[in-house]
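What follows is each chain in one-letter form.
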Amino acid sequence: QYWQVNIDSHHNPYFMGATMLHLANHELLERILQQPRYPGINDVNNPHHCSPLHSAILASDFKKVLLLCKHGADIQQRNEEGHTPLHLAAISTNE
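K.L.:
Before we move on, could you go through the overall build of the chain and cite the residues and values that matter?
P.N.:
When its secondary structure is counted, the chain shows five helices and zero strands. Reading the chain from its N end, one meets helices and strands in the order α-α-α-α-α. Burial analysis of the chain (95 residues in total) assigns 35% to the buried set. Sequence-distant contacts in the chain: of pairs separated by 6 or more residues, those separated by 24 or more amount to 55%. Only carbon and sulfur atoms are counted for the fraction: they give 53% of the accessible area of the chain, which is about 6000 Å².

K.L.:
I'd love a proper account of helix 4 (residues 62–70), names of residues and values included.
P.N.:
Every buried residue of helix 4 is accounted for by Lys64, Val65, Leu67 and Leu68. Axial view of helix 4: buried residues confined to an arc of 165°, hence all on one face. Set apart from the buried face of helix 4 by more than 90 degrees, the exposed residues are Lys63, Leu66 and Lys70. Where the residues of helix 4 are buried, they touch helix 1 (20–23), helix 2 (26–33) and helix 3 (52–58). Gly72 sits one or two residues past helix 4 and shows a positive phi near 100°.

K.L.:
Account for the confidence of the model for the chain, naming residues and giving values.
P.N.:
Scored by pLDDT, the chain has a mean of 77; 76% of the residues are at 70 or more. Mean pLDDT in the chain bottoms out at helix 1, which sits at 77, and peaks at helix 4, which reaches 92. In this model, residues 1–13 is a region of pLDDT below 50 whose contacts with residues beyond four sequence positions or in other chains number 17 contacts.

K.L.:
How would you summarise the packing of helix 2 against helix 4 if you had to cite specific residues and measurements?
P.N.:
Packing of helix 2 against helix 4 leaves a shortest axis separation of 9 Å and a crossing angle of 15°. It follows from the interaxial angle that helix 2 and helix 4 lie roughly parallel. For the pair helix 2 and helix 4, the crossing hand works out as left-handed. The segment helix 2 lies against helix 4, with His26, Leu29, Glu30 and Leu33 engaging Lys63, Lys64, Leu67 and Leu68.

K.L.:
An account of the nonpolar core is requested, with residue identities and associated values reported.
P.N.:
In this structure, Leu21, Leu29, Leu33, Ile41, Leu53 and Leu68 are the most contacted members of the largest nonpolar core, which totals 14 residues. If you list the elements that add at least two residues to this core, you get helix 2, helix 3 and helix 4. Not counting chain neighbours up to four residues away, the residues in contact with Leu53 comprise Val65, Leu68, Cys69, Ala73, Asp74, Ile75 and Pro85.

K.L.:
Please provide a residue-by-residue account of helix 2, values included.
P.N.:
What helix 2 keeps buried is the set His26, Leu29, Ile32 and Leu33. Buried residues in helix 2, looked at end-on, bunch into an arc of 120°, giving them a common side. Check the buried side of helix 2 and you find it contacts helix 1 and helix 4. Near the N-terminus of helix 2, the side chain that reaches the backbone nitrogen of Glu27, with its oxygen 3.2 Å away, is that of Asn25.

About the criteria used
Residues numbered from 1 in each chain as written. Predicted model: local features only at pLDDT ≥ 70, side-chain atom pairs only at ≥ 80, totals over all residues. Heavy atoms only, no water. Helix = DSSP H or I, 4+ residues; strand = E, 2+ residues; numbered from the N terminus. Buried < 20%, exposed > 50% of the residue type's maximum accessible area, 1.4 Å probe, protein only. Contact = heavy atoms within 4.5 Å. Areas by Shrake-Rupley, 256 points an atom, 1.4 Å probe, with all protein chains shown as cover. Arc of directions from axis to C-beta. pLDDT = per-residue confidence, 0-100. Axes fitted to C-alpha atoms, helices over the stretch in contact; angles between N-to-C directions. Parallel < 35°, antiparallel > 145°, perpendicular 65-115°, else oblique. Left-handed = near helix turned anticlockwise from the far one by under 90°. Core = buried A, V, L, I, M, F, W, Y, C linked by side-chain atoms within 4.5 Å. Polar contact = N/O pair within 3.5 Å; in protein donor to acceptor, adjacent residues only side chain to side chain.

Below you can see the structure in the form of structure tokens.
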């Protein structure tokens, strides 16, 4: 798949199945989302079933969180542990 990132998941299994939307910084993400065809903003094809929004919240990347929400990220989508992005934000120890 074009947007799939080839990362050696043997060294870091968290990134297995990550897309550019999961890994991009705010500036790159903004450019990707401006394209007429971008990958699913709610993609959870990774071991933890975390969407790009879950990842942005876990990284405390609030600019990325706002951008993903603006483009239709699902705030009710659950990861493998049943946590929504909103739940992760509420229990996060990061500021």
